[in-house]
Amino acid sequence: MQWAGLSSPATSPAPTPAAWVGRRPRTARWSPRPPRRVVLAAAASSSSSSSSPDANSNSPGSGGGDEERGEDAAQMEKAAAFLMRSQKYAMLKQQLAVAAQFEDYKEAARLRDSLKSFEEEEPVLRLRRLLKKAVEEERFEDAAKYRDELKILAPHSLLRCSSDATTLGIRVQVRSVYIESRSQPLKGQFFFAYRIRITNNSQRPIQLLRRHWIVTDANGRTENIWGVGVVGEQPVIFPKTGFEYSSACPLNTPNGRMEGDFEMKHIDKAGSSTFNVAIAPFSLSILGDDNDEVLL
């Protein structure tokens, strides 16, 4: 299964999830020209006050700092354990796909059972199930407890693999999916595809000029990416119409998040100022989510 970039007006027949794959891209680059990249490493210290070893040495509550550091270390260990389990899950899924491709059905059955067992025992998936059930049954105290546990284990897991935001009448919907066939878990290479629908619900025509993405991996490393237009175009979107396209994002961890904005301008009046349209945060996750929503 391969991912390909494509774009289409909203008036054309709606693509199904299967239509997202298997097409040669007209232009499927992550950025149509070499983008300016800014990599922000995760900070090693949390505040300037902690930079001085004597900052809190004489304060009555200095012991609280040790407790906080201990809690932070425990959270980091849990996050690292989840990262390792996610990598194992990705390898199992890829091995299952290979076994099925070569018609090694005995091995495929074994790997299928391993995956099923993993999904039943994986703490993040178990907490998701408990959280969903608690919300459905209106046990909100339990739901809050499960949510807090998820925040510690895997903060990105609280995000859906889709988002929906409207700015000045411009609606941006996104849905991401993990592409096994383009990923190499053993090398720490994970490939995610996403489809975006931009709908102009305003009364004025607009043009998309530039894009800005903020990509954060599971280790907290953040990268800002800028580029002109999308998939090689700077589309004009008239009122009550839309524009759709597909693209992809490589990641060096099996989980992460994306968010950003589009720079646009109104084209019905000369000299109009540009404005930014938000792309709400969404998850990049090999575990996916329990949301069956697709962009229709």
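Look up: the structure comes first, before these words.
About the thresholds
- Residues numbered from 1 in each chain as written.
- Predicted model: local features only at pLDDT ≥ 70, side-chain atom pairs only at ≥ 80, totals over all residues.
- Heavy atoms only, no water.
- Helix = DSSP H or I, 4+ residues; strand = E, 2+ residues; numbered from the N terminus.
- Buried < 20%, exposed > 50% of the residue type's maximum accessible area, 1.4 Å probe, protein only.
- Contact = heavy atoms within 4.5 Å.
- Areas by Shrake-Rupley, 256 points an atom, 1.4 Å probe, with all protein chains shown as cover.
- Axes fitted to C-alpha atoms, helices over the stretch in contact; angles between N-to-C directions.
- Parallel < 35°, antiparallel > 145°, perpendicular 65-115°, else oblique.
- Left-handed = near helix turned anticlockwise from the far one by under 90°.
- Nonpolar A, V, L, I, M, F, W, Y, C, P; charged D, E, K, R; others polar.
- Expected span 1.5 Å × (residues − 1).
- Arc of directions from axis to C-beta.

Novice: Now, about the overall build of the chain: what can you tell me, with residues and values included?
Specialist: The secondary structure content of the chain amounts to 4 helices and 11 strands. Looking at the chain as a whole, 40% of its 296 residues are labelled buried. Considering only contacts in the chain between residues 6 or more positions apart, those separated by 24 or more positions represent 69%. For the chain, the exposed surface amounts to about 16,600 Å²; the carbon and sulfur share of it is 52%.

Novice: Before we move on, can you summarise the packing of helix 3 (residues 123-136) against helix 4 (residues 140-153) with the specific residues and values?
Specialist: Running from N to C, helix 3 and helix 4 point in directions that differ by 155°, and their axes come no closer than 8 Å. Taken together, the axes of helix 3 and helix 4 are roughly antiparallel relative to one another. As helix 3 runs across helix 4, the sense of the crossing is left-handed. Only Phe-140, Asp-142, Ala-143, Tyr-146, Arg-147, Glu-149, Leu-150 and Leu-153 of helix 4 make contact with helix 3, whose side of the interface consists of Pro-123, Val-124, Leu-127, Arg-128, Leu-130, Leu-131, Ala-134 and Val-135. Per-class residue counts for the contact of helix 3 with helix 4 are 12 nonpolar, no polar and 4 charged.

Novice: Tell me about helix 2 (residues 105-121), residues and numbers included.
Specialist: For helix 2, spanning 17 residues, the distance from its first C-alpha to its last is 24 Å, which sits close to the expected 24 Å at 1.5 Å a residue. Residues Ala-108, Leu-111, Leu-115 and Phe-118 constitute the buried set of helix 2. In a view along the axis of helix 2, the buried residues occupy a sector of 85°, so they form one face of it. Facing away from the buried side of helix 2, by more than 90 degrees, are the exposed residues Tyr-105, Lys-106, Lys-116 and Glu-121.

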